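The primary structure of each chain is shown beneath.
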Amino acid sequence: MQPSISVTFPTPVKRAAEAVRAVLRATLDLALPPLCPACREPVEGRGLCPACWSKLSFITRPYCERLGIPFVYDPGPGILSMEAIADPPAYRRARAAVRFDDISRALVHGLKYGDRLELAPMMGRWISHAGRELLAEADALVPVPLHWRRLWTRRFNQSAMLAAAISVESGVPVATAALKRVKPTAQQVGLSRSERAQNVQGAFRVPAEGKPVVAGRRLIVVDDVLTSGATVDGCARALLRAGAANVDVLIFARVADPVRTSI
Ligand SMILES: [Zn+2]
């Protein structure tokens, strides 16, 4: 007959095991259900809670057909914004899904810093809807590249995540090799409009292996937030120099009033 073995741990070990179990339980509780990325309330599914969803500010017509800046009043078909006339960008048209505000900022930051990668398909769906006319005429999507050093510390490129999600929705392929960030630019936060343009000067280049996917192609540059537009304009200039037929821009959130909104 086998002797029954009862193992009794000394109290500190038992206490440690209980502590580990408590931590595991707490972790599971946090993971299920998911939290709303904006207000941290538990939600069903993976997106925003109904309250935050209702506060989200989607950009719809009337807007400037060139820059996608929303108009307060409908000035009539084909009217461009003052910005588009006074300081036209290198890109042809830009569209954004939502205005940059507290709710969209939470989504952008969740994707960028909080590793909430599960937000990308939802954000990509909204961008695809806002940019459906542009996507219908596009050959490829070009995410705004990160410098390799930043990519290394952050581990993934949020613009590439959004481009992949838009590609799933639209069927337009992603051309990841098309563009390189050759200059590790300083953060754009806190810079003036002209400083931002200066900051991205010469920052982007089409590498030799990117030339075949750029020359003669209709491209869409994809980014998460548009403030002054300097970054996507820098990308557009590099792509056009390498022979792109035209360049449009798709953004998740745009700052509608850059003077009064800070990221
Ligand atoms: Zn919420």
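For the structure, see preceding data.
Predicted model, so just to flag it, every value in this text is computed and none were measured.

A. Helix α11 (residues 230-241), seen in detail. With 12 residues, α11 should cover 16 Å at 1.5 Å per step; its first-to-last C-alpha distance of 16 Å lies within 8% of that length. Those residues of α11 that sit buried are Ala230, Thr231, Val232, Asp233, Gly234, Cys235, Ala236, Ala238 and Leu239. Phi turns positive, to about 100°, at Gly243, one or two residues after α11.

B. Structural context of the coordination of the zinc ion. At the metal site, the zinc ion is ligated by Cys36 (SG), Cys39 (SG), Cys49 (SG) and Cys52 (SG), and these contacts range over 2.3 Å. One can describe the site at the zinc ion as tetrahedral: its 4 donor atoms subtend angles covering 104 to 116° at the metal. Mapped onto the sequence, the residues coordinating the zinc ion show the spacing C-x2-C-x9-C-x2-C. You can see Cys39 sitting in the loop between α1 (11-31) and α2 (50-55) and its partner Cys52 sitting in helix α2, a full 13 residues away along the chain. A relative accessible area of 33% means that Cys39 is categorised as partly exposed.

C. Seen up close, the environment of Asn246. Turning to its location among the elements, Asn246 is positioned in strand β6 (residues 246-254). As for Asn246 and Ala138, which are separated by 108 residues in sequence, their C-alpha atoms are 9.2 Å apart. Ignoring any residue separated from it by four or fewer positions in sequence, one finds Asn246 in contact with Arg92, Arg217, Arg218, Leu219 and Leu240. Of note is the side chain of Asn246, whose polar atom sits 3.4 Å from the side chain of Arg92.

D. Here's a closer look at the packing of helix α5 (residues 120-130) against helix α8 (residues 158-170). Contact pair α5 / α8: the axes reach a minimum separation of 8 Å and the direction vectors enclose 65°. As α5 runs across α8, the sense of the crossing is right-handed. Contacts from Ala120, Pro121, Met123, Gly124, Arg125, Ile127 and Ser128 of α5 reach α8 at Met161, Leu162, Ala165, Ile166 and Glu169. Taken together, the residues of the contact of α5 with α8 break down into 8 nonpolar, 2 polar and 2 charged.

Reading the values: rules and limits
Residues numbered from 1 in each chain as written. Predicted model: local features only at pLDDT ≥ 70, side-chain atom pairs only at ≥ 80, totals over all residues. Heavy atoms only, no water. Helix = DSSP H or I, 4+ residues; strand = E, 2+ residues; numbered from the N terminus. Expected span 1.5 Å × (residues − 1). Buried < 20%, exposed > 50% of the residue type's maximum accessible area, 1.4 Å probe, protein only. Donors = N, O, S within 2.8 Å, 3.2 Å for Na, K, Ca; no water. Tetrahedral: all angles 85-135°; square planar, octahedral: opposite > 155°, others 65-115°. Contact = heavy atoms within 4.5 Å. Polar contact = N/O pair within 3.5 Å; in protein donor to acceptor, adjacent residues only side chain to side chain. Axes fitted to C-alpha atoms, helices over the stretch in contact; angles between N-to-C directions. Left-handed = near helix turned anticlockwise from the far one by under 90°. Nonpolar A, V, L, I, M, F, W, Y, C, P; charged D, E, K, R; others polar.

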